[in-house]
Structures are given as structure tokens and as C-alpha cells.
Amino acid sequence: MRIQNQAWMTLTNNRVQKNQSSITKTLEKLTGGDKIIRAAQNASGLSVSESLRAQIRGLSRAQLNMQDGLSVLETTDSGLQSVNTALGRARELAVQAANETLTKDDRLASQKELDQLMSSIDDTADYLEFNTNKVLGEIRPLYIQVGSNSGQSLAIDTVDVSTRALGLENVSIKTREDADALITKIDEVTSKISKDLTKVGSDYKALEHHLQNTSNTNENLQKAESLIRDPDMALEMMDFVKQGIQEKGTTLLINQTNDNVKSVLGLFK
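The following refers to the structure shown. Small disclaimer: the values here were computed from a predicted structure and weren't measured. (Residues numbered from 1 in each chain as written. Predicted model: local features only at pLDDT ≥ 70, side-chain atom pairs only at ≥ 80, totals over all residues. Heavy atoms only, no water.)

### A closer look at the pairing of strand E3 (residues 141-145)
Part 1 of the reasoning: With burial as the criterion, only one face of E3 is covered, namely that bearing Leu-142 and Ile-144; the residues Pro-141, Tyr-143 and Gln-145 on the opposite face remain uncovered.
Part 2 of the reasoning: Relative to strand E4 (residues 153-157), E3 runs antiparallel, the two being bridged by 5 bridges. Bridge pairing links Leu-142 to Ile-156 in E4. (Buried < 20%, exposed > 50% of the residue type's maximum accessible area, 1.4 Å probe, protein only. Helix = DSSP H or I, 4+ residues; strand = E, 2+ residues; numbered from the N terminus. Pairing = 2+ DSSP bridges.)

### Concerning the nonpolar core
Part 1 of the reasoning: Residues Val-161, Leu-168 and Ile-193 are the most contacted members of the largest nonpolar core, which totals 41 residues.
Part 2 of the reasoning: For this core, the secondary-structure elements that each account for two or more residues are helix H2 (43-97), helix H3 (104-127), E3 and helix H5 (176-229).
Part 3 of the reasoning: Considering every element that reaches this core, the biggest residue donor is H2, with 13 residues.
Part 4 of the reasoning: With sequence-adjacent residues up to four places away left out, Ile-193 is seen in contact with Leu-80, Val-83, Asn-84, Leu-87, Val-161 and Leu-166. (Core = buried A, V, L, I, M, F, W, Y, C linked by side-chain atoms within 4.5 Å. Contact = heavy atoms within 4.5 Å.)

### What to know about empty space enclosed by the protein
Part 1 of the reasoning: Taken as a whole and judged by the stated rule, the model has 1 cavity of 30 Å³ or more.
Part 2 of the reasoning: Counted as a void, the largest cavity has a volume near 40 Å³.
Part 3 of the reasoning: Along the walls of the largest cavity sit Val-72, Leu-73, Thr-76, Ile-156, Asp-157, Thr-158, Val-200 and Asp-203, which together make up its complete lining.
Part 4 of the reasoning: Every element with two or more residues in the lining of the largest cavity is listed here: H2, E4 and H5.
Part 5 of the reasoning: A per-element tally of the lining of the largest cavity places H2 first, with 3 residues.
Part 6 of the reasoning: When its residues are assigned to classes, the lining of the largest cavity shows 4 nonpolar, 2 polar and 2 charged. (1 Å grid on protein atoms, 1.4 Å probe; cavity = no way out; pocket = protein on both sides within 12 Å on 5 of 7 lines; lining within 4 Å. Points joined across faces, edges and corners; volume = space filled by probe spheres on them. Nonpolar A, V, L, I, M, F, W, Y, C, P; charged D, E, K, R; others polar.)

Right under this line is the structure:
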């Protein structure tokens, strides 16, 4: 007489172990918030996910880069506006000095103020900086990394507003002729500064556009990466409950079988 089927008991034991393994994996997903705990679970999905994560991190850093770029442009705009104000006052002095009703002392006083204005322009060129980098004291391209990949950059041209670069070095209004010439020169410089301001505004708009596009791209990549890596908590909880029921059912079946075996063996006592 056969009291116990060993093959059936082995199958039941394997079922228990498999169910316990499934429960462990589900708990890992629920507690860790990650659908792919190890590469063996989804090798291709893990590869795609890691690539997306690298892009997401790069785009996040690029957004901060562009915020810095916008700050540079705001600083540049402020400095150019300051130079424009100084030029406006210098032109006013030149117009005044072009009038021959002024005395020598009047011209000397106007020249002193003009020198101070030119000095303030040079101070702006020398000391206006962003993160220790001059923005109005030299002309060079300032590259802003606007993407997460190589070659994705936008060049912002810095401006030189020193009196030497503007052709206003050692200007004079001590004579009517000097004052008249300075009016023309300041008009030319003011026109150049206006063009620089227009360029700054254009670069600002372009950088804002890149920032918005990068933000949208980053958001879409995060959604795509989330579909691969983030578990559906509701489904995982359903699986967890189902696995728990299966485990209890298998355990009850094993216990019932053991009880039956004990009952049969009791007949032989």
C-alpha cells in the first residue's frame, strides 16, 4: 500500500519555494520603488533605463547651465544700461561745452565731471563680473552647454565697453571744437551700445527658448523612464495578496496531507 506520493510532495515543495521567491521579489519592488532590482529581471529594459537616466541627469544640469547663462545676460544688460546712462550725461556735457558762452572755469568743471563719467565706464568694464568672469571688459564667446550631449552649446558674445575699446579714451570738452567732435563720437558709441543691448535681448530669448525645450524634453524622458522602472503599486499589491493566498493554500494542503499520513500510520499501532 502506498501511503505518500514522493513526487507529489516534491512538486508541492517546489511550488512553495517558487511562491516565496515571488513574494520576495514583489516585496523588493514595493519597498524599493523599483521594478528592475537586478539586470536578470529585464536586461534590455535596464539598459534603456540607464541610458535615459544619463540623459535626464545631463538635461537637468544643462537647465542649471542655462539659468547661469540668463544671469550673465541680465548682468550684461544692467552694465550696458549703466554705460548708456553715463554716455547720456557725457553728451549733455558736450552739448553744453559746445556753447561759447561758457567760461574757462565752467569748462574745467565740465571736464572734471566728464573724466569721472569715463572713469565710471572703465570701472564697469573692469569690475562687472559673473562668477569672477568679466562680461563687459573683453570680447570673447561664452559657451553655454544647453543639452546633455557633445556639441549642444550656445555661444554668448561678451562685450568690451572700456573707453579704450569705445574710442573715448582721454576725451576732452575744453574747447568748443572738442565738445562738438565728442557729440558725434558719443552718438556713434551710443548706437553701438544699443546694438549690443539688442543682441543681449536676442540671446536672452534664444536661451529661454532652449531652456523651455530642454525642460519639456526632460519631462518626457522622465515619464518614459518611469514606465520602465517604476512599479505599478496597485498591481504589485494585488500580486502580493494573490501570492499570500497561494502560500497559505499550499501550506494548508501540506498540513492536511501530513495529518492524513499520521492518521493512516496510526492504524498500524
